[in-house]
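The chain contents come next:
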Amino acid sequence: MRTATAVPIITAHEVGIHFPVAGGRTLRAVDGVSLEVHRGETFGVIGESGSGKTTLGRALVCLERPAAGRVLHDGDDPYRLSAAALRRHRRDFQVVFQDPNAALDPRMTILRSVREPLDVAGELPRAERTRLALEMIERVGLNPEFADRYPHELSGGQKQRVCIARVLTLRPALIVCDEAVAALDVSIQADILNLLADLQREFGLTYVFITHNLGVVAHISDRIAVMYLGKIVELAATELIEARPLHPYTRALLSAEPVALPSHMRSHQRIVLHGELPSPVSPPSGCRFRTRCPMAVTRCMQDVPAWREVEPEHFCACHFAEDVGDAIVPQRPGGTP
Amino acid sequence: MTDALLDVRDLSIHFRSGAREVQVTRKVSFTIAPGEVVGLVGESGCGKTVTGLALMGLLPRGRSRVTGNIFLGGEDFAAMSPRQMRRVRGRRISMIFQEPMSALDPVFTIGEQISETLRAHRDVSVGEARARAIEALTQVGIPEPELRYDAYPHQLSGGMRQRAMIAIALVCEPQLLIADEPTTALDVTVQAQIVEVLGGLCARLGMAMLFITHDLGLVAETCSRLVTMYAGEVVEEGHIDDVLVRPRHPYSSGLLRSLPALAQRKATLPAIPGRVPTVAEMPAGCRFRPRCAHARSVCEDPQSLVDSGNGHVRCCRQEELVLPGALRGEVAA
Ligand SMILES: Nc1ncnc2c1ncn2[C@@H]1O[C@H](COP(=O)(O)OP(=O)(O)OP(=O)(O)O)[C@@H](O)[C@H]1O
Ligand SMILES: Nc1ncnc2c1ncn2[C@@H]1O[C@H](COP(=O)(O)OP(=O)(O)OP(=O)(O)O)[C@@H](O)[C@H]1O
Ligand code: SF4
Ligand code: SF4
Ligand SMILES: [Mg+2]
Ligand SMILES: [Mg+2]
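Criteria and thresholds
Residues numbered from 1 in each chain as written. Chains lettered and ligands numbered in written order. Predicted model: local features only at pLDDT ≥ 70, side-chain atom pairs only at ≥ 80, totals over all residues. Heavy atoms only, no water. Helix = DSSP H or I, 4+ residues; strand = E, 2+ residues; numbered from the N terminus. Rg over C-alpha atoms; globule rule 2.2 N^0.38 Å. Buried < 20%, exposed > 50% of the residue type's maximum accessible area, 1.4 Å probe, protein only. Contact = heavy atoms within 4.5 Å. Areas by Shrake-Rupley, 256 points an atom, 1.4 Å probe, with all protein chains shown as cover. Lys, Arg positive; Asp, Glu negative; His and termini not counted. Charge placed at Lys NZ, Arg CZ, Asp CG, Glu CD. Near = heavy atom within 4 Å. Nonpolar A, V, L, I, M, F, W, Y, C, P; charged D, E, K, R; others polar. Pairing = 2+ DSSP bridges. Axes fitted to C-alpha atoms, helices over the stretch in contact; angles between N-to-C directions. Donors = N, O, S within 2.8 Å, 3.2 Å for Na, K, Ca; no water. Buried area = accessible area lost by both parts, 1.4 Å probe. Salt bridge = Lys/Arg side-chain N within 4 Å of Asp/Glu carboxyl O. Polar contact = N/O pair within 3.5 Å; in protein donor to acceptor, adjacent residues only side chain to side chain.

> Explain the overall build of chain B to me, please; I cannot follow it from the model alone.
In terms of regular secondary structure, chain B is built from 11 helices and 12 strands. Computed over its C-alpha atoms, the radius of gyration of chain B comes to 21 Å, within 12% of the 20 Å expected for a compact globule of 333 residues. Projected onto the principal axes, the alpha-carbon positions of chain B cover approximately 65 × 50 × 40 Å. Relative to its 333 residues, chain B shows a buried fraction of 57%. A sequence separation of at least 24 residues applies to 65% of the contacts in chain B between residues at least 6 apart. Counting every atom, chain B has about 13,700 Å² of accessible surface; 51% of that belongs to carbon and sulfur. Across chain B, the mean location of the 37 positive side-chain charges is 6 Å away from that of the 37 negative side-chain charges.

> Where do I start with helix H10 (residues 248-256) of chain A in this structure?
Turn by turn, an α-helix covers 3.6 residues, leaving residues three or four places apart pointing in a common direction. The element H10(A) is largely enclosed, with a buried count of 9 among its 9 residues. By the burial criterion, the buried members of H10(A) are Pro248(A), Tyr249(A), Thr250(A), Arg251(A), Ala252(A), Leu253(A), Leu254(A), Ser255(A) and Ala256(A).

> Explain the site of ligand 3 to me, please; I cannot follow it from the model alone.
Taken together, 13 residues are adjacent to ligand 3, and Cys287(A), Cys293(A), Cys300(A), Cys318(A) and His319(A) come closest. The class makeup of the residues in the shell around ligand 3 is 10 nonpolar, 2 polar and 1 charged.

> What am I meant to see in the sheet that holds strand E4 (residues 68-73) of chain A here?
Remark on secondary structure: sheet strands pair via backbone hydrogen bonds, oriented parallel or antiparallel. All names here are of chain A. One open sheet holds the 3 strands; their spatial order is E2-E1-E4, and the pairing between them is antiparallel. Lying at the two open borders of the sheet, with one neighbouring strand each, are strand E2 (25-37) and E4. Between one strand axis and the next, the sheet turns through 25° on average, direction left out of account. Taken strand by strand, helix H1 (residues 53-60) contacts strand E1 (10-21), E2 and E4, and its axis lies near 60° from that of E2.

> Is there a simple way to explain the coordination of the magnesium ion (ligand 6) in this structure?
Distances from the magnesium ion (ligand 6) to its protein donors, Thr49(B) (OG1) and Gln98(B) (OE1), fall at 2.0 to 2.3 Å. Of the two residues, Thr49(B) is situated in helix H1 (residues 48-56) and Gln98(B) in the loop between strand E6 (93-96) and helix H3 (100-103); the sequence distance between them amounts to 49 residues.

> What am I meant to see in the sheet that holds strand E10 (residues 308-311) of chain A here?
Residue and element names in this part refer to chain A. The mixed open sheet is built from 8 strands, whose spatial order is E5-E6-E7-E3-E8-E9-E11-E10. Two strands in the sheet have a free side with no partner beyond their single neighbour: strand E5 (93-96) and E10. Direction aside, neighbouring strands of the sheet carry axes that sit 20° apart on average. Relative to strand E11 (residues 314-316), E10 runs antiparallel, the two being bridged by 3 bridges. Looking at E11, one finds that arginine 308 is bridged to cysteine 316.

> Before we go on, may I ask you to explain the coordination of the magnesium ion (ligand 5) in this structure?
Ideal values for angles at a metal depend on the geometry: 109.5 degrees with four tetrahedral donors, 90 or 180 degrees with six octahedral donors. Residue and element names in this part refer to chain A. Taken together, Thr54 (OG1) and Gln98 (OE1) make up the protein donors of the magnesium ion (ligand 5), found 2.0 to 2.4 Å from the metal. Placement of threonine 54 in helix H1 and of glutamine 98 in the loop between E5 and helix H3 (100-103) is noted, with a sequence separation of 44 residues between them. Under the relative-accessibility criterion, glutamine 98 is labelled partly exposed at 24%.

> What is the right way to look at the interface of chain A and chain B in this model?
Note on interface size: it is often stated as the accessible area lost on association of the parts. Across the boundary between the two partners, chain A contributes 78 residues, which contact 62 residues of chain B. When the two sides are added together, the surface that chain A and chain B hide from each other amounts to roughly 5,200 Å², 53% of it contributed by carbon and sulfur. For the interface between chain A and chain B, the tally reads 3 salt bridges. Measuring nitrogen to oxygen at the nearest pair gives 3.9 Å for the salt bridge that ties Arg25(A) to Glu144(B). Put simply, chain A and chain B have 17 residue pairs in polar contact (both at pLDDT 80 or more) between them. Elements with a contribution of two residues or more to the side of chain A that touches chain B: E2, strand E3 (42-47), H3, helix H6 (156-168), helix H7 (186-203), helix H8 (214-220), helix H9 (238-243) and H10 of chain A.

This is the structure in structure tokens:
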């Protein structure tokens, strides 16, 4: 377990990432996000589609430079490093991208793609690099026969595993996994999650795990951050989020998760959100969730809810977090006992 | 079956690479009735996407060979020329692709791509096409659709691209929709909304849907029947509630047991041991045999898909085995 004095591997302080959009307006994809990720932990990120998870993940590993705020690695600002030092530093902070095609060169064989990061590093003899790459291809459950194939000859899940193998060969300190297991069937998904957990135990790896799959995120994360429209709205240990969600959006997420049960055994307590999906270009005044929040009142239109520690180590931004916490939580069947 | 909208019979797909030909699916058969939603699950790489692409006539012509029949409304699509296929594709049958970024054209805005699809198949004016495109974007839950009409794919988040793809696939109101992992990049609240839109079209227009996914929870909530594939073959087909409670094929049972939602947190997940055989390693009898805990010498004989009363199963021990389903620990009555 971590000590209070340990410097977090990642510190984000009031990070903002902005994109210009049509009409000279600005889209704040990430808007004032602060968080700490500790060495050896798995930090889960869930949230609405388009809420800025991918953009935040990219910023955490210096692939996107914040327009506001700072990202620190082990307490230091990586942008202060010389270009060459930053390149070397980046090897320790890797991403498995949401779209496997973005990371794979269609003209390279699978073996070359997986070996490429090692080739670029250029520290090991070629035969050793090939051996390491082949070993990793096997560890992600692909037959070595795939080594000579090209990306277009692979299924979606096979490509995703190639991307995971590619990142793992570098033995980085931290990996941002952006929907890294989404395209895998549950058995291979279980294999990969077990592999990631083994590597974490073996090498003290840190993961930032972005996913829409609540079962997956709850299974592997120590803490979970919930994002909505560019902001983190709730952050706490996994058990707390599952047992006592304090934000209405988190509650809706937990209740809407589809469960693999026959129709007569499913609970009917699903919270269905109505109302318009807001745009990050012109977020609603006051609380950003208010257009879809079943608990919204007039105050939510005027006052921005403060980010506060509602309960020990349980942070949330909602005026009525205490009331939400006390409401009965729809139970996930088979969830964490 | 005469009441089926889609009737796939003995569909086998082969790929050529150099002088070699590799068979990736073997004699896949299933049917879908009008308005019905059928789930297709199976291990990664078992042939779900290529089956969908074959129905669409989109497999690379020179490098693949397809045998079998694909009847849609009585017509055999497998026998159609590429020109005939182009006419029905997008109009009678359409597909939501697994990887939106490779299916969307990076140089056109998503709005243009939706209205162009519509204008290619329906006789509508430019203005009307634009209005219908914006309506389609609204329907799939894209905020500020007028603004997003002019957005290029790279300016959208993963989930928005996926929704843009869905809008393209739906704008012509096809008879059959093949949805390949349509909601993997969406949070569950938006996913619920999309599933409702798709379900609404099935009910209202009698659109039939082949729902390819790894999310067994989603299958449970959206589909009435489930087809499970393993190593290129259909191994089980049945009513969704039956399969969830009492899977009859050991592979289906293994899938249900691997669900992280059913395991204790941080515990090692019960994955199915071993790996899918490559074509060269394919066992002669049951293809699941090297990984099956219930294998006996009888399993060395080739297995055929047998009627099990309320579905079909490819396993000679189906009658004697009682396999765990989604209700871990509890005895499925
Ligand atoms: N290059 C860009 N130009 C303009 N807007 C962008 C760009 N990249 C992202 N955005 C916008 O920023 C917002 C956040 O996008 P992001 O991809 O981070 O979301 P996300 O939470 O990962 O969503 P998803 O779950 O759908 O992948 C979206 O509104 C998106 O349209
Ligand atoms: N163009 C191709 N040439 C050669 N082999 C191919 C080609 N396309 C696909 N394959 C192979 O065919 C098999 C089936 O692929 P398919 O994409 O249908 O899998 P899938 O069931 O959709 O998997 P996933 O769940 O990972 O998307 C895979 O083993 C894949 O490697
Ligand atoms: S502040 Fe108001 S609108 Fe926002 S989440 Fe809380 S109750 Fe809902
Ligand atoms: S036929 Fe035999 S090996 Fe194959 S699934 Fe059934 S029990 Fe297992
Ligand atoms: Mg994303
Ligand atoms: Mg696929």
